[in-house]
Amino acid sequence: MNIYPNYYKEFKCIAGKCKHNCCIGWEIDIDEDTLGFYNCVEGEFGKTLKDNINYCDIPHFKLGKNERCPFLNENNLCEIIINLGEDALCDICTQHPRFHNELPDRVESGLGLCCEEAARLILSQREKTTLVGNSNTNDKIILLRDKVIDALQNRTKGINKRIDDMLSLCKTSLVERPIKSYCDLLISLETLDEKWEELLLSLKEKASNIDYASFESHISGREFEYEQFLVYLIYRHFANSPNLEEAQKRARFTAFSYTLLYYLGALTYHTKGEFNFEDQVELTRLFSSEIEYSDENLYTLFDVL
Ligand code: SF4
């Protein structure tokens, strides 16, 4: 059984128009079948291909200048696709930014927020997200997850009340800490992009000077962006919890992530005098790349919150 959010099939990579190309800065592992195929490619391109693979325990492409994939050309197009066709991509490149959670009776797929175009698609959904193919199950964690998503989509309530409902459904609570202490916690984690650390340092310094009432009225009518962010996190991280205790950690992580996104939005508004949809996309993309796409950071937060 395959489950996916209703917007899933609308995703289309914007390739050369992408500001944060996923072929920059990430080490891309090559699966066994594709590696076998690459080893058999002949001619000059076959040689270039092999010269740019690091054949270590987990074979991957050698990153070039500015951490670019060696096959990303000056127009930000992929030379593997140009020379060999889209079918020649390794699994990671074919699937990105899609994720697949393999659960006992189902595979739950989705799009990851670390891709700016996926973030645009997810956050722009004005209607409630639905899960295509989601049918009856006896799995207690999935049943709880579905109730949590319903609570997060209850538009008769404000976002903060919906988050309280999520935490009570999971029989847990998030110990409130000053935002400065959240910043310290995040700064202590592994960082990919220095822009993330600069943002956190700036939030730590300016959080007490922000006019939150003015920010609230600036973002009035955009609750659906936060709702989509919360539903995305729960859909992606909750169902594969091995037990209730782990699910509680993920609910707390989701509540924490919302608080952080809200404060970072308020900081952007404080600094720029506005906070538009593209600002929200950029914040969620950065958050996702720095936290969700680092297992070390993600699991540290699951454990300490
Ligand atoms: S980050 Fe997303 S839109 Fe950009 S190149 Fe990668 S898949 Fe395409």
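Residues numbered from 1 in each chain as written. Predicted model: local features only at pLDDT ≥ 70, side-chain atom pairs only at ≥ 80, totals over all residues. Heavy atoms only, no water.

### What to know about the domain arrangement of the protein
Line of reasoning, step 1. According to the domain assignment, the protein contains domain 1 (23-95) and domain 2 (113-304).
Line of reasoning, step 2. Placing a centre on the C-alpha atoms of domain 1 and another on those of domain 2 gives a separation of 33 Å. (Domains from an automatic or database assignment.)

### Some remarks on the pairing of strand E1 (residues 2-5)
Line of reasoning, step 1. Judged from the two bridges that link them, E1 and strand E5 (residues 106-111) form a sheet pairing that is parallel. Looking at E5, one finds that Asn2 is bridged to Val107.
Line of reasoning, step 2. Pairing of E1 with strand E6 (residues 131-132) involves two bridges; the strand directions are antiparallel. Its bridge partner lying in E6, Pro5 is registered against Leu131. (Pairing = 2+ DSSP bridges. Helix = DSSP H or I, 4+ residues; strand = E, 2+ residues; numbered from the N terminus.)

### Points about the site of the ligand
Line of reasoning, step 1. Around the ligand, the structure places Cys13, Ile14, Cys18, His20, Asn21, Cys22, His96, Cys115 and Glu117.
Line of reasoning, step 2. Looking at the shell around the ligand, its residues break down into five nonpolar, three polar and one charged. (Near = heavy atom within 4 Å. Nonpolar A, V, L, I, M, F, W, Y, C, P; charged D, E, K, R; others polar.)

### Here we look at the packing of aromatic side chains
Aromatic ring pairs: the centre-centre distance and the angle between the two ring planes describe each pair.
Line of reasoning, step 1. Applying the stated criterion across every chain yields a total of 20 aromatic pairs.
Line of reasoning, step 2. Residues Phe37 and Tyr38 carry aromatic rings whose centres are separated by 6.0 Å and whose planes lie at 50° to one another, so their mutual orientation is tilted.
Line of reasoning, step 3. With a relative accessible area of 40%, Phe37 lands in the partly exposed category.
Line of reasoning, step 4. With a centroid separation of 6.1 Å and 40° between ring planes, the pair formed by Tyr38 and Phe61 is classed as tilted. Placement of the pair is Tyr38 in helix H1 (residues 32-40) and Phe61 in strand E3 (residues 60-61), with a sequence separation of 23 residues.
Line of reasoning, step 5. The rings of Tyr212, Phe215, Tyr226, Tyr258, Tyr262, Tyr263, Tyr269 and Phe275 are connected pair by pair, giving a single aromatic cluster. (Phe/Tyr/Trp six-rings, centres within 6.5 Å; stacked < 30°, edge-to-face > 60°. Buried < 20%, exposed > 50% of the residue type's maximum accessible area, 1.4 Å probe, protein only.)

### Some points on helix H6 (residues 140-152)
Line of reasoning, step 1. Taking 1.5 Å per residue, 13 residues should reach 18 Å; H6 reaches 18 Å between its end C-alpha atoms and fits that length.
Line of reasoning, step 2. Within H6, burial applies to Ile141, Ile142, Leu144, Arg145, Asp146, Val148, Ile149, Ala151 and Leu152.
Line of reasoning, step 3. In this structure, the buried side of H6 is in contact with strand E4 (98-103), E5, E6, helix H7 (159-169), helix H11 (223-237) and helix H12 (244-272).
Line of reasoning, step 4. Of the residues that open H6, the one with a side-chain oxygen 2.9 Å from the backbone nitrogen of Ile141 is Asp139. (Expected span 1.5 Å × (residues − 1). Contact = heavy atoms within 4.5 Å. Polar contact = N/O pair within 3.5 Å; in protein donor to acceptor, adjacent residues only side chain to side chain.)

### Some thoughts on the layout of surface pockets
Line of reasoning, step 1. Reported here for the second largest pocket is a volume of approximately 390 Å³.
Line of reasoning, step 2. Lining the second largest pocket are 16 residues, with Asn160, Leu174, Glu176, Tyr258 and Thr259 sitting closest to its centre.
Line of reasoning, step 3. Broken down by secondary-structure element, the contributors of at least two residues to the lining of the second largest pocket are H7, helix H8 (179-187) and H12.
Line of reasoning, step 4. With five residues, the top contributor of residues to the lining of the second largest pocket is H12. (1 Å grid on protein atoms, 1.4 Å probe; cavity = no way out; pocket = protein on both sides within 12 Å on 5 of 7 lines; lining within 4 Å. Points joined across faces, edges and corners; volume = space filled by probe spheres on them.)

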